[in-house]
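Here's the letter readout for the chains.
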Amino acid sequence: RGFSMVALNAETLRAIAPRYSGAAGAHQTEIIDQVGPVLDATLTEYGKNTVLRSAHFLAQVCHESAGFRTTEEFADGSAYEGRTDLGNTEPGDGVRFKGRGLIQLTGRANYARFGKIVGVDLVADPQAAAEPVMSLRIACEFWKQHQLNRFADVDDLETVTRRINGGLNGLESRRAYLAKA
């Protein structure tokens, strides 16, 4: 590993994320406690083996998951109904395949594609994409498929953000998480 005796774990995630209380805090604790024990090994498996790669990845997933509070989009997904560009071709697909994961997986086509990659039938069980450990693996696959290490390597936050978000939404939040990471 490219770290000098630094293991990435639940404490790493807690150091990056804002603190929440109440229900939001309980959700955050649940996600961090499940992802933490597998974080280091999973990131290493996916080539996030430098400080810069890991920092960029953790900053993006912290922002995308609302500070590790959720692995499911807050909206109900009805806005994606009939979005054939997302593969939503059957009634109810918008809600069924709404954004889930540490990097939001959205649409029937993406659930099918990434399910095949990770070896889980996410079309039959879309909720599995929201399971914290599975959502980490899906986020790592997304990162790999979009070759984001090369942009992290040159510290290009804007390109990484555009590849994940389609624009620069939340850039300052992502920048703040990157500095913490």
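Above: the structure in question.
A. Region of the structure containing the pattern of salt bridges. A complete count under the given rule lists 12 salt bridges for this structure. Across the pair Glu-11 and Arg-14 runs a salt bridge, and its minimum N-O distance is 3.1 Å. Of the two residues, Glu-11 and Arg-14 are both situated in helix H1 (residues 10–16); the distance of three residues between them amounts to about one turn of the helix. By relative accessible area, which is 52% here, Glu-11 ends up exposed. For the salt bridge of Lys-98 with Glu-72, the shortest nitrogen-to-oxygen distance reads 3.2 Å. Of this pair, Lys-98 sits in the loop between helix H4 (93–96) and helix H5 (108–118) while Glu-72 sits in the loop between helix H3 (51–64) and H4, placing them 26 residues apart in sequence.

B. Structural view of the environment of Leu-178. Among the structural elements, Leu-178 can be located in helix H9 (residues 171–180). Here the alpha-carbon distance between Leu-178 and Leu-157, two residues 21 residues apart in the chain, equals 8.5 Å. The contact partners of Leu-178, leaving out residues within four places of it in the chain, are Ala-55, His-56, Ala-59, Asp-155 and Leu-157.

C. Quick look at the packing of aromatic side chains. This structure, assessed with the given rule, holds three aromatic pairs. Ring centres of Phe-57 and Trp-143 lie 5.3 Å apart, and the angle between their planes is 80°; on these two criteria the pair is classed as edge-to-face. Residue Phe-57 is found in helix H3, and its partner Trp-143 is found in helix H6 (residues 132–145); the two are separated by 86 residues along the sequence. For Lys-48, the ring lying beneath its charged end belongs to Phe-57, and the centroid distance is 5.1 Å. Against the face of Tyr-20 rests Arg-69, its NZ or CZ located 4.3 Å from the ring centre.

D. Looking closely at the side chain of Glu-73. Mapped onto the fold, Glu-73 is located in the loop between H3 and H4. For the buried Glu-73, which has no salt bridge, the nearest side chain bearing the opposite charge is Lys-98, at an N-O separation of 6.2 Å. Look past the residues within four positions of Glu-73 in its chain and what remains in contact with it is Tyr-80, Lys-98, Gly-99 and Gln-104.

E. How the structure looks around unusual backbone geometry. For Ala-66, which is not glycine, the phi torsion reads 55° and is therefore positive. For Phe-68, which is not glycine, the phi torsion reads 65° and is therefore positive. For Phe-68, the position within the fold is in the loop between H3 and H4. Classification of Phe-68 by relative accessible area gives buried; the value is 2%.

F. Local environment of the packing of helix H2 (residues 22–45) against H6. At a minimum axis distance of 8 Å, the contact between H2 and H6 shows a crossing angle of 35°. In terms of crossing hand, the pair formed by H2 and H6 is right-handed. For the pair H2 and H6, contact is made by Ile-31, Gln-34, Val-35, Val-38, Leu-39, Thr-42, Leu-43 and Glu-45 and by Pro-132, Val-133, Leu-136, Arg-137 and Cys-140, respectively. Split into classes, the residues belonging to the contact of H2 with H6 amount to nine nonpolar, two polar and two charged.

G. Examining the side chain of Asn-88 more closely. With respect to the helices and strands, the residue Asn-88 is situated in the loop between H3 and H4. Judged by its relative accessible area of 2%, Asn-88 is buried. Within the structure, Asn-88 has its side chain in polar contact with the backbone oxygen of Tyr-80 (distance 3.0 Å). At 2.9 Å, the side chain of Asn-88 forms a polar contact with the backbone nitrogen of Arg-108. Beyond its immediate sequence surroundings of up to four residues, Asn-88 is in contact with Tyr-80, Gly-82, Arg-83, Asp-93, Gly-94, Phe-97, Gly-107 and Arg-108.

H. Summary view of H5. Among the residues of H5, those classed as buried are Arg-108, Tyr-111, Phe-114, Gly-115 and Val-118. All buried residues of H5 lie within an arc of 140° about the axis, which places them on one face of the element. Looking at the packing, one finds that the buried side of H5 touches H4 and H6.

Basis of the calculations
- Residues numbered from 1 in each chain as written.
- Predicted model: local features only at pLDDT ≥ 70, side-chain atom pairs only at ≥ 80, totals over all residues.
- Heavy atoms only, no water.
- Salt bridge = Lys/Arg side-chain N within 4 Å of Asp/Glu carboxyl O.
- Helix = DSSP H or I, 4+ residues; strand = E, 2+ residues; numbered from the N terminus.
- Buried < 20%, exposed > 50% of the residue type's maximum accessible area, 1.4 Å probe, protein only.
- Contact = heavy atoms within 4.5 Å.
- Phe/Tyr/Trp six-rings, centres within 6.5 Å; stacked < 30°, edge-to-face > 60°.
- Lys NZ or Arg CZ within 6 Å of the ring centre and 35° of its normal.
- Lys, Arg positive; Asp, Glu negative; His and termini not counted.
- Axes fitted to C-alpha atoms, helices over the stretch in contact; angles between N-to-C directions.
- Left-handed = near helix turned anticlockwise from the far one by under 90°.
- Nonpolar A, V, L, I, M, F, W, Y, C, P; charged D, E, K, R; others polar.
- Polar contact = N/O pair within 3.5 Å; in protein donor to acceptor, adjacent residues only side chain to side chain.
- Arc of directions from axis to C-beta.

Remember that the coordinates give geometry; whether it matters functionally is a separate question.
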